[in-house]
Amino acid sequence: MEMAGIVCYTGANIITKAREIVDQIGRPLELDTDGIWCCLPGSFPENYEIKTTHPEARKQKLTISYPGAMLNIMVDKHFTNDQYHTLANPQTLSYDIHSENSIFFEVDGPYLAMILPAAKEEGKKLKKRYAVFNFDKSLAELKGFEVKRRGELQLIKNFQSSVFSAFLDGQTLEDVYASVAKVADYWLDILFSRADNMPDNELFDLISEKKSMSKKLEDYGNQKSVSISTAKRIAEFLGDQMTKDKGLNCKFVIAKKPDGAPVTERAIPVVIFQAEPAVKRHYLRKWMKSPGITDFDIRDIIDWDYYKERFGSAIQKIITIPAALQGVSNPVPRVVHPDWLYKMVREKTDIFQQKKITEMFATKKKSDVPDIESLGSKENKPQNITAKVTKKSGNSKREREKRKKYRLRLCVDTTA
C-alpha cells in the first residue's frame, strides 16, 4: 500500500510539472494518470536528427524528439533518486549508492484532431472521454464514451459510431457543426416520428436496454432499480426459477405508464411482447396499471419523451454545448440548451455589455511614468491617455491548422 501511494504521488507530481511546461508553449487538452494530451504550435520543434560518421556506430542516424527531451530534462532534474542503493556484496550486505532515474516521457503523434465532450453541468468537465484521429482520418483512440459500454442504448451507440468522423468534415467551425448536426438529426427524426417506417424488431434493438444481475434477486432486498423491477416481472411472468441464480440478463424498455411513476417502476421486460396475445394483454395492463388499455402497439406503450431526453443528453455533451462555448449557434435546435448556457451565451453576445477598465486602456512601462512631484514642470507636460482596443487572435482557420496535437506519455524503463 505504501509503495502504491508513492508511485501515484510521484506520477501526479510529474504530470503537474509537465502541464506547467506545456502551459508556457501550448495548451493542455486532457490530463491522464500516465500522460498528457496537448496542442503545440506548428512552429514548435518536433524532431531532431543527429548523424554520425563514426564507422563503429550502431546507427548512423539518431532521431531525438524535442518535446520528449524537454520534459525528460525536467524529470531528470526534479525526480532523480540520488540515494539509490544497489547490493554490492551479499555477504557483508554492503551497497553502492548512485543516482537512478528510470522514468521518462515518450511522444505519440502528432494527430489530426481530438474531440472532447462537454459536461451538462456548469463549471464541470468530463474526464477521460475523448476521440483521437490520425491524419489519414482513421480512429487512433476512443475512450470513455457510451459506444464502448455494455448495456447502453443501441440508439446512442449508433449515433456515436458515426458522429465522431463527421467532425473531420468542413473547413470552418460552422461547417463542422453542420456536418455533425446531420448525423444527430437522422436519429432524432426516428424518435420524433415514433419510428413509423421501422420494423418492430429493429425498434426493440434500438431502444431496449440490457442489464445483468450480479446477485440473486432475493439478495437485493428492498432495493429499487430498473433491472430489479424487470427481474421481478420476468419471475412473475415465467416463474421464480428464472431468477433463482445470479447473472440474469434483463432486457427492457421504459413505458409511459403508470402516470407519474418513477422510471424504476415503468420498466417492461421485452420478452413479454413475444408472449401469446392474451398473456401479453394481461400483464401489460397489470404492470402499467391501465385495465382499460386496448392498443398494445409498442409505439403507444413506450415513453418517447424519456428516450428523447436520454438521446438529447448525448447530443448536448458532444455537439450543442461545445458549439455554444465556441460561439456557434445551436446546430440541433430540437435539443435545447441548459439554462446556465443560455445565460452564458447572452453575456458573450450582448453588444451593450459593460467592458472592464483593463480592456479599455493600455498600461505603460513604469520607467515611462513621470514622478508625481514633477508633473507640473515644463519637462513633464501632462500627456493624453489613449484607449487601446485589441482583438484576440488564435481562432482563425489558418492558425488552427498550424497547431499540432500530441500525447506525451509517461513510461518506466523496466530494464534498469
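The rules we used
- Residues numbered from 1 in each chain as written.
- Predicted model: local features only at pLDDT ≥ 70, side-chain atom pairs only at ≥ 80, totals over all residues.
- Heavy atoms only, no water.
- 1 Å grid on protein atoms, 1.4 Å probe; cavity = no way out; pocket = protein on both sides within 12 Å on 5 of 7 lines; lining within 4 Å.
- Points joined across faces, edges and corners; volume = space filled by probe spheres on them.
- Helix = DSSP H or I, 4+ residues; strand = E, 2+ residues; numbered from the N terminus.
- Nonpolar A, V, L, I, M, F, W, Y, C, P; charged D, E, K, R; others polar.
- Salt bridge = Lys/Arg side-chain N within 4 Å of Asp/Glu carboxyl O.
- Buried < 20%, exposed > 50% of the residue type's maximum accessible area, 1.4 Å probe, protein only.
- pLDDT = per-residue confidence, 0-100.
- Contact = heavy atoms within 4.5 Å.
- Pairing = 2+ DSSP bridges.
- Axes fitted to C-alpha atoms, helices over the stretch in contact; angles between N-to-C directions.

1. Remarks on empty space enclosed by the protein
This model, assessed by the stated rule, comprises one cavity of 30 Å³ or more. In this structure, the largest cavity spans a volume of roughly 30 Å³. By residue number, the principal contributor to the lining of the largest cavity is helix α9 (residues 304–325), which donates three residues. In terms of residue class, the lining of the largest cavity is made up of five nonpolar, one polar and three charged.

2. Describing the pattern of salt bridges
Inspection of the entire model under this criterion finds 13 salt bridges. For Asp200, the salt bridge identified is with Arg299, shortest N-O distance 2.6 Å. Separated by 99 residues along the polypeptide, Asp200 in helix α5 (residues 200–207) and Arg299 in helix α8 (residues 298–301) bring together distant segments of the chain. By relative accessible area, Asp200 is classed as partly exposed at 38%. A residue is classified by how much of its surface remains accessible, and Arg299, at 10% relative accessible area, is buried. For Asp205, the salt bridge goes to Lys251, with nearest N and O atoms at 3.9 Å. Here Asp205 is found in helix α5, whereas its partner Lys251 is found in strand β12 (residues 249–254), with 46 residues between them in sequence. Asp205 sits in the partly exposed class, given a relative accessible area of 45%. Residues joined by salt bridges that share partners form a network here, namely Glu152, Glu209 and Arg310.

3. Here we look at the confidence of the model for the chain
Summary statistics for the chain give a mean pLDDT of 82 and a share of 87% for residues scoring 70 or more. No element of the chain has a lower mean pLDDT than helix α12 (residues 397–401), at 52, and none a higher one than helix α4 (residues 173–192), at 93. Below a pLDDT of 50 lies the segment residues 380–396, which in the model reaches 20 contacts outside its immediate sequence neighbourhood of four places, other chains included.

4. A word on the environment of Ile301
Within the secondary structure layout, Ile301 lies in helix α8. Its relative accessible area of 1% is what places Ile301 among the buried residues. In sequence terms Ile301 and Lys256 are 45 residues apart; their C-alpha atoms lie 6.3 Å from each other. Each residue touching Ile301, except ones within four places of it in the same chain, is listed here: Ala255, Lys256, Phe273, Leu284, Met288, Asp295 and Phe296.

5. Overview of the sheet that holds strand β11 (residues 209–212)
One open sheet accounts for three strands, arranged β11-β12-β13; its pairing is antiparallel. Two strands lie at the open edges of the sheet, namely β11 and β13 (267–269), each paired on one side alone. Strand-to-strand twist of the sheet, defined as the mean angle between neighbouring strand axes without regard to direction, takes the value 45°. Sheet topology note: the β11/β12 ladder contains four bridges and is antiparallel. Looking at the pairing, Lys211 lines up with Cys250 of β12.

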